[in-house]
Every structure is written in structure tokens, then in C-alpha cells.
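# Residue-level structure breakdown
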Amino acid sequence: MSRFHNPMPLEKRAGQFAPFAALTGHGDAISETGRVVDSRIELSDHEQQRLSDSLRHIMAVPECKRPLVTVRYFMPDEHKEGGSYLDACGRISKIDADMAVLVFESGLRINLADICAIGTGAVCPD
């Protein structure tokens, strides 16, 4: 206890023990560096042909009778080399050949070059 100063209130005193980040953003940079991404799988010519055949078969079915499909595709990472593999489930609306994009009824657009697998008879989660 000081004879010259009034004691600091407890609410303000707690602030002097708060954590201090001397390097702003350093923790985020370390987290980003440690984040794991997948490498893109390069499909063989045979696998690419099977995908093309599957798409051709699906698109030959009238739009009102097209099956539910699951498409596994590569989503490039915005911040580092690599990315992740995602699954999309639904009905295919069309293939936009000019843009090389697969379009689902939901509006989702997937680059044809990013697709690595297509499965029919899917049960999509709500």
C-alpha cells in the first residue's frame, strides 16, 4: 500500500495481466502455415475417359429423370498451393461446354477439370 496513491480498482487491475501479442497476426501466420492441404490427383487417360463416359451417360437421360449423383472434385486453396476434395450431391442440370463447367440444378458450378469421381444412385443429405 502506498501512502501517496489511491489503490487501483480490481476491475482495472486485472487488465495489466491480460495477454499481450507483440507481433500482431503472428499467431494467424503460424496457424496458416500448419494448415494441411491436399495435392491434386492427376487422373490417367483411362480414368478421364471413364468420367467422360459417365457424364455422357447421365446427360443422355431426359432432364426430368436424371439420377442423383455424387461428384467428388478438387477445390483449390485460396492461400496456398494445394486444396481439398469436396463432394457435391444433386442432379446435373447441364454441362456448359464453353466454360467447361458442370452445372447442378442447385446452381453449383464445378470445373470439369477438377472432377475426379462421379457416382450415381446417391442419397443426398438434406
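Residues numbered from 1 in each chain as written. Predicted model: local features only at pLDDT ≥ 70, side-chain atom pairs only at ≥ 80, totals over all residues. Heavy atoms only, no water.

Here the focus is the sheet that holds strand β3 (residues 92-96). The three strands lie next to each other as β3-β4-β5, forming an open sheet whose pairing is antiparallel. In the strand order of this sheet, the two ends are held by β3 and β5 (109-111), each with one partner. In this sheet, adjacent strand axes meet at a mean angle of 20 degrees when their direction is disregarded. In this structure, strand β4 (residues 101-104) lies alongside β5, joined through three bridges in antiparallel fashion. Bridged to Val101 within β5 is Asn111. Along the sheet, helix α3 (residues 45-60) contacts β3 and β4; its crossing angle with β3, the most-contacted strand, is approximately 125 degrees. (Pairing = 2+ DSSP bridges. Helix = DSSP H or I, 4+ residues; strand = E, 2+ residues; numbered from the N terminus. Axes fitted to C-alpha atoms, helices over the stretch in contact; angles between N-to-C directions. Contact = heavy atoms within 4.5 Å.)

Within the secondary structure, Met99 is located in the loop between β3 and β4. Note: C-alpha distance between Met99 and Asn111 (twelve residues apart in sequence) is 8.1 Å.

This paragraph deals with the sheet that holds strand β6 (residues 115-120). One open sheet holds the three strands; their spatial order is β2-β1-β6, and the pairing between them is antiparallel. The strands lining the two open edges of the sheet, one partner per strand, are β2 (83-90) and β6. When the angles between neighbouring strand axes are averaged without regard to direction, this sheet yields 20 degrees. Bridge count between strand β1 (residues 69-76) and β6: five bridges; the pairing is antiparallel. Note on β6: the bridge partner recorded for Arg72 is Ala117.

Taken together, the four bridges between β3 and β4 define a ladder with antiparallel strand orientation. Within β4, the position partnered with Lys94 by the bridge is Val103. Counting the residues in the hairpin turn of β3 and β4 gives four residues, including Ala100, whose phi is positive at 55 degrees.

Moving on, we get to the pattern of salt bridges. All told, the structure shown has four salt bridges when counted by the stated rule. With its nearest N and O atoms 2.7 Å apart, the salt bridge here joins Arg40 to Asp114. Within this pair, whereas Arg40 is found in the loop between α2 (26-34) and α3, its partner Asp114 is found in the loop between β5 and β6, the two being separated by 74 residues in sequence. With relative accessibility at 34%, the residue Arg40 sits in the partly exposed group. Assessed through its relative accessible area of 10%, Asp114 is described here as buried. (Salt bridge = Lys/Arg side-chain N within 4 Å of Asp/Glu carboxyl O. Buried < 20%, exposed > 50% of the residue type's maximum accessible area, 1.4 Å probe, protein only.)

Fair warning: the whole summary comes from geometry, so function is off the table for now.
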